[in-house]
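Residue-level listing of the chains:
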Amino acid sequence: MLASAGPGDRTHHMFSFSSNRFAIDLGTARLRVAKSGSDTIVDEASSVVLQKRTGALLLAGDEALAAVERTPRHAEVVFPVKDGVMADAEAAALLIQHILKKGNKDRTPARFHLTLGVPTGLTRVERNAYLEAGARSGAAEVELVETTLAAAAGLRLPRKDPKAHLICEIGAGQCQVALLSMGGVAQACRIRGGGEEWTRAIRAYVRSAHHLLIGTPTATEVKHHLADLNPLNEAEQAPRLLVQGRDLITSIPRSLKLHAEELGAAILPQAEKIGQTIRQTLQGCSAELTGDLVDRGILLCGSGAHLRGLTEWLASHLDCPVHLAEDPHQAVIRGLSHFMNEPSDLPQAGD
Ligand SMILES: Nc1ncnc2c1ncn2[C@@H]1O[C@H](COP(=O)(O)OP(=O)(O)OP(=O)(O)O)[C@@H](O)[C@H]1O
Ligand SMILES: [Mg+2]
């Protein structure tokens, strides 16, 4: 049933064309959906709550995220994508089905075409998992598009430009760096670990330095509202945030005032890993292409790129201009949506 061919893998079922067209960026943390003919982008958590015994869907999207670390024994929260890659096609299909139905007056859309984002450099088996998720969700046709190409299109980088652009997309579970020229990928690198690494590092720091166990949602709040790679630049008095957790010694709930500057050492290693991945991508490139970046710089996208101080830190670490894209979280879905509407803009196999 699954047919695949080059960068634009497709599944074809009975129909060669479907009037309903959707583009989906299914990430480790967030699911983003665009529909042909509409400017609205649906943005929900990339998670479901399933009944353990039957596998039946209990909650999906943001409602499922609210159940993290709160589920009763008969239910479990499942994130279908792990470290940026599809890990559970069945759960992904349930999630996609639910979100499409919710946006379609509670009815499953008929015979739809799906443009689905996939990370760069996947194996055939990994790509097939995306095709399977799309087919199981009810799509009549599934087209896979690499998210680095989609990000470039979403950021409106000129397609015909032979000069290089370097984009670094930082998601929740992965970081992808791609050097693009003439609308295609000249060099790309992908590492596991994105924004979630910062959350983990913050949890681990609070645990070891303050003997306090905080949940992932709390650590995520700390990352969004306090963590800063340049905390002292922000204000004369570095910001602080009150967090609640469970004391590791007494097991009693306790509050703690966290200071931005004490998190610096915990969040630095992931920033260094990203810097190293950018360097590695550049190492494989011609001097001409690398030279183009001296003026143009590096463009950051993906929601993980929002981490305070990251743009400045990378610029000084790499000694090169670094810019945060406008609406960095929507770059990929905007690009997928573009290719959904203009499939002829996709580089073909052999291009
Ligand atoms: N203001 C912020 N500061 C720091 N991190 C943020 C901020 N807003 C969102 N993030 C982080 O960005 C990450 C989500 O990014 P994004 O939505 O691009 O990921 P994704 O597409 O779901 O994952 P991936 O592409 O890795 O599979 C999460 O780790 C989230 O905590
Ligand atoms: Mg992503």
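Residues numbered from 1 in each chain as written. Chains lettered and ligands numbered in written order. Predicted model: local features only at pLDDT ≥ 70, side-chain atom pairs only at ≥ 80, totals over all residues.

**So, the overall build of the protein chain**
Then, number 1: Within the protein chain, the regular secondary structure consists of eleven helices and 19 strands.
Then, number 2: Computed over C-alpha atoms, the radius of gyration of the protein chain comes to 21 Å, within 12% of the 20 Å expected from 2.2 N^0.38 for 351 residues, which places it in the range of a compact globule.
Then, number 3: For the C-alpha atoms alone, the extent of the protein chain along its principal axes is close to 60 × 60 × 35 Å.
Then, number 4: The buried share of the protein chain, taken over its 351 residues, is 46%.
Then, number 5: Long-range contacts, defined as pairs at least 24 residues apart, comprise 66% of the intrachain contacts of the protein chain with a sequence gap of at least 6. (Helix = DSSP H or I, 4+ residues; strand = E, 2+ residues; numbered from the N terminus. Rg over C-alpha atoms; globule rule 2.2 N^0.38 Å. Buried ≥ 20, exposed ≤ 12 C-beta atoms within 10 Å, placed from the backbone. Contact = placed C-beta atoms within 7 Å.)

**Re the environment of Thr-147**
Then, number 1: On the secondary structure map, Thr-147 appears in helix α4 (residues 147–154).
Then, number 2: Overall, Thr-147 belongs to the buried group, with 30 C-beta atoms counted inside 10 Å.
Then, number 3: Remark: the alpha-carbon pair of Thr-147 and Asp-25, spanning 122 residues in sequence, is separated by 8.0 Å.
Then, number 4: Dropping the residues within four chain positions of it, Thr-147 is found in contact with Asp-25, Gly-117, Val-118, Pro-119, Glu-169, Gln-176 and Val-332.

**Observations regarding the sheet that holds strand β18 (residues 298–301)**
Then, number 1: Across the sheet, five strands lie side by side as β14-β13-β12-β18-β19; this open sheet has mixed pairing. The open sheet is flanked by β14 (184–192) and β19 (322–324), the only strands paired with a single partner. Going from strand to strand, the sheet's axes swing by 20 degrees on average, the running direction of each strand aside.
Then, number 2: Here β18 pairs with β19 via three bridges, running parallel. Considered in β19, the bridge of Leu-300 is made with Leu-324. (Pairing = 2+ DSSP bridges. Axes fitted to C-alpha atoms, helices over the stretch in contact; angles between N-to-C directions.)

As far as function goes, none of this settles anything; it's purely spatial.
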